[in-house]
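Below, each chain spelled out in residue letters.
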Amino acid sequence: MIKLENRMVVVYVTYASFFIRLKAFMYDYILIICYLALLAVVNLFVFPSLQTFFAGSLVIAQLTGFLMVTLPISLYFILSDSTLFGQSFGKKKANIRVVDRHGKSVSIFRLTIRTIIKFLPWELSHFLVYRLMYIGEDSVPLPYTLIGILIYALMFMYIGTALFTKKKQSMYDLLMRTFVVRDH
């Protein structure tokens, strides 16, 4: 309910289902793939020397990957879902948006924390892949196994909460008190 000029107005909201959210993400993923393709062309043909950042230190490789991939993609979601734009390309195509409990656009700060939590499994998998590439044929150390388990646990938790909570909130929505709703 929303209170307007001392009157109560009932607003019905339709929460976006997991599958509508997945559809929106697939549209956004088309843009992400285009960005990654452009990044690959730039890295291979325009500035091939950038490849040296991935050949040395694991920390430098991880940081370079973060700055070139994770950070720009995260900024895309943060800014496009904020009050600046209201919806990402995919959310606009799927007719959904991220809102707070009052149905308003979410602040950039809250969207930043939401996006960090949302992409945590993705970034952890990057961390793990960089390290697994260098351990060779030996057995996987226990900490790496635990990180792998955490990645899958988070993914299943995110999907499970989006599928089975009453308001179709993923874990990061629950934590940040945000909702993904259908536009009417």
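A brief report on the enclosed structure follows. Here the residue index of a chain counts from 1 through its sequence in written order. Since the coordinates come from a predicted model, pLDDT governs what is reported: local features require at least 70, and pairs of side-chain atoms require 80 or more to be given and counted, while whole-chain, interface and lining totals use all residues. The side-chain numbers reported here are obtained from all heavy atoms of the structure, hydrogens and water having been left aside.

## A short note on the environment of Leu174
We count it as follows: Strands are runs of DSSP state E lasting at least two residues, helices are runs of H or I lasting at least four, and both sets are numbered from the N terminus onward. Throughout, a residue-residue contact means that at least one pair of heavy atoms, one from each residue, lies within 4.5 Å.
Relative to the elements of secondary structure, Leu174 occurs in helix H8 (residues 171-176). Sequence-wise, Leu174 and Leu79 are 95 residues apart; in three dimensions their C-alpha atoms are separated by 20 Å. Leave out the neighbours within four places in its chain, and Leu174 touches Thr161, Thr165 and Gln169.

## Observations concerning a nonpolar patch on the surface
Note the following rule: Grouping into patches uses exposed residues only, defined as over 30% relative accessible area, and leaves out salt-bridged ones; the cut-off is 9 Å for like charges and 5 Å for nonpolar side chains (Val, Leu, Ile, Met, Phe, Trp, Tyr). Using the Shrake-Rupley algorithm and a 1.4 Å probe, accessible areas are obtained, with residue cover drawn only from the displayed protein chains. The salt bridge definition used is simple: a Lys or Arg side-chain nitrogen within 4 Å of an Asp or Glu carboxyl oxygen.
On the surface, Leu63, Phe66, Leu67, Leu71, Leu75, Leu79, Leu84, Phe85 and Ile108 cluster together into a nonpolar patch covering about 780 Å² of accessible area. The element that contributes the greatest number of residues to the nonpolar patch is helix H3 (residues 58-81), accounting for six residues. Note on placement: Leu67 falls in helix H3.

## Thoughts on helix H1 (residues 18-46)
To keep it simple, the criterion reads: One fewer than the residue count of a helix, multiplied by 1.5 Å, yields its expected span. Each residue gets one of three labels from its accessible area relative to the maximum for its type: buried under 20%, exposed over 50%, partly exposed in between, using a 1.4 Å probe on protein chains only.
The terminal C-alpha atoms of H1, which comprises 29 residues, lie 40 Å apart, in line with the 42 Å expected from a rise of 1.5 Å per residue. Residues of H1 that are buried: Phe18, Ile20, Arg21, Ala24, Asp28, Ile32, Leu39 and Asn43.

## Points about the packing of aromatic side chains
To keep things clear, this is the line we draw: Stacked, edge-to-face and tilted are the three classes for Phe, Tyr and Trp ring pairs, Trp counted by its six-membered ring, which pair at centre distances within 6.5 Å; planes under 30 degrees apart are stacked, over 60 edge-to-face, the rest tilted. A ring has a charge above it when a Lys NZ or an Arg CZ is no more than 6 Å from the ring centre and no more than 35 degrees off the ring normal.
Overall, the coordinates contain ten aromatic pairs when judged by the stated rule. Where Tyr76 meets Phe77, the ring centres are 5.0 Å apart and the plane angle is 70°; that geometry is what we call edge-to-face. One aromatic cluster is present, formed by Phe25, Tyr29, Tyr76, Phe77, Phe119 and Trp122 through successive ring pairs. Over the ring of Tyr27 we find Lys93; its NZ or CZ atom is 5.7 Å from the centre of that ring. Above the face of the Phe77 ring, Lys118 is positioned so that its terminal group lies 4.7 Å from the ring centre.

## A few points about the pattern of salt bridges
Two side chains of opposite charge can pair, provided their charged atoms sit close to one another. Taken as a whole, this structure holds four salt bridges when the rule is applied. Note that Asp173 and Arg21 form a salt bridge whose closest N and O atoms lie 2.6 Å from each other. With Asp173 in helix H8 and Arg21 in helix H1, this pair connects stretches of sequence that are 152 residues apart. Just as Asp173 is buried, Arg21 falls in that class too. Ionic pairing is found between Asp173 and Arg114, a salt bridge with its closest N-O pair at 2.8 Å. Here the residue Asp173 occupies a position in helix H8, and Arg114 occupies one in helix H5 (residues 108-118), the gap between them amounting to 59 residues. Asp173 sits in the buried class, given a relative accessible area of 0%. One network of salt bridges, with partners in common, ties together Arg21, Arg114 and Asp173.

## Some thoughts on the packing of helix H6 (residues 120-132) against helix H7 (residues 142-164)
What counts is decided by this rule: Between N-to-C directions, angles span 0 to 180 degrees; the directions come from axes that are lines fitted to C-alpha atoms, helices contributing only their stretch in contact. Any angle that falls under 35 degrees is termed roughly parallel, while one over 145 is termed roughly antiparallel, one within 65 to 115 roughly perpendicular, and all others oblique. When the near helix sits turned anticlockwise from the far one by under a right angle, the crossing is termed left-handed; a clockwise turn instead gives a right-handed crossing. As a working rule, the residues Ala, Val, Leu, Ile, Met, Phe, Trp, Tyr, Cys and Pro are called nonpolar, Asp, Glu, Lys and Arg charged, and the rest polar, with Gly in that last group.
The interhelical angle for the contact between H6 and H7, taken along N-to-C directions, is 155°, at an axis separation of 9 Å. As summarised for this structure, H6 and H7 are arranged roughly antiparallel, according to the angle between their axes. Considering only the axes of H6 and H7, their crossing is left-handed. Contacts from Leu120, Pro121, Leu124, Ser125, Phe127, Leu128, Arg131 and Leu132 in H6 reach Tyr144, Ile147, Gly148, Leu150, Ile151, Leu154, Met155 and Tyr158 in H7. Looking at side-chain class alone, the contact of H6 with H7 contains 13 nonpolar, two polar and one charged residues.

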